[in-house]
Amino acid sequence: MWDVEAELDGVGKVQREIIERKLGVAVGVFLDELSQDANIFLVREYHPAAEEIRLSLPGGRFDPKEETSRDACIRELREEVGLRPKNIEQLFEFHGGKTWVWHQYFFFAYGAIDDPLELDHDEKLEVVRMPFKKFLSSVINDEPGIEISDYKAVVMVAMRLGLI
């Protein structure tokens, strides 16, 4: 944690506290195949900060001292979905927020191989497989029950498939 000072137009000098998270987050947009008719794998699980069950992209935290973001994403997909992707590529990474630094890595994965890992002891979730086109429509129309932390990853995959 550290303090920064900045000069803002119309406000003057401001002081902010920055909190750095030591762990990263790896998230996967995971499709069963590379086609416009692909299905996406999602997880329905409890989100403690929101105090509700949400449908979201699979992913989770990792320690960058112990594994790479790519390896973490593969591990999370195996734990949460029970499948290993045949192909995986990083879409982008994002560092930061308003008063915190949080390293987030987003991946596009496709092709499913049965290769489950056990869930963490404190996780309980349901795997949801749905047509990617239906999912994309739900995201665009902001339908309730689907929480996507970064639409950019979904849009990049949709563009790659020629859907938008």
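Look a little higher up for the structure.
Keep in mind the model is a prediction, meaning the values are calculated, not measured.

A. Structural detail: helix 1 (residues 69-80). When the terminal C-alpha atoms of helix 1 are compared, their 16 Å separation across 12 residues agrees well with the 16 Å that a helix rising 1.5 Å per residue should span. Counting buried positions over the 12 residues of helix 1 gives 10, a clear majority of the element. Taken as a whole, helix 1 has its buried residues at Ser69, Ala72, Cys73, Ile74, Arg75, Glu76, Leu77, Arg78, Glu79 and Glu80. Immediately downstream of helix 1, the backbone of glycine 82 shows phi near 85 degrees, a positive value.

B. Structural view of unusual backbone geometry. The phi torsion at aspartate 142 lies on the positive side, around 50 degrees, for a residue other than glycine. With respect to the element layout, aspartate 142 can be found in the loop between helix 2 (132-140) and helix 3 (151-160).

C. Quick peek at helix 3. Among all positions of helix 3, only Ala153, Val154, Val157 and Ala158 are buried. The buried residues of helix 3 all sit within an arc of 135 degrees when viewed along its axis, so they share a single face. The positive-phi residue at the C-terminal boundary of helix 3 is glycine 162, with phi of around 75 degrees.

What counts as what
- Residues numbered from 1 in each chain as written.
- Predicted model: local features only at pLDDT ≥ 70, side-chain atom pairs only at ≥ 80, totals over all residues.
- Heavy atoms only, no water.
- Helix = DSSP H or I, 4+ residues; strand = E, 2+ residues; numbered from the N terminus.
- Expected span 1.5 Å × (residues − 1).
- Buried < 20%, exposed > 50% of the residue type's maximum accessible area, 1.4 Å probe, protein only.
- Arc of directions from axis to C-beta.

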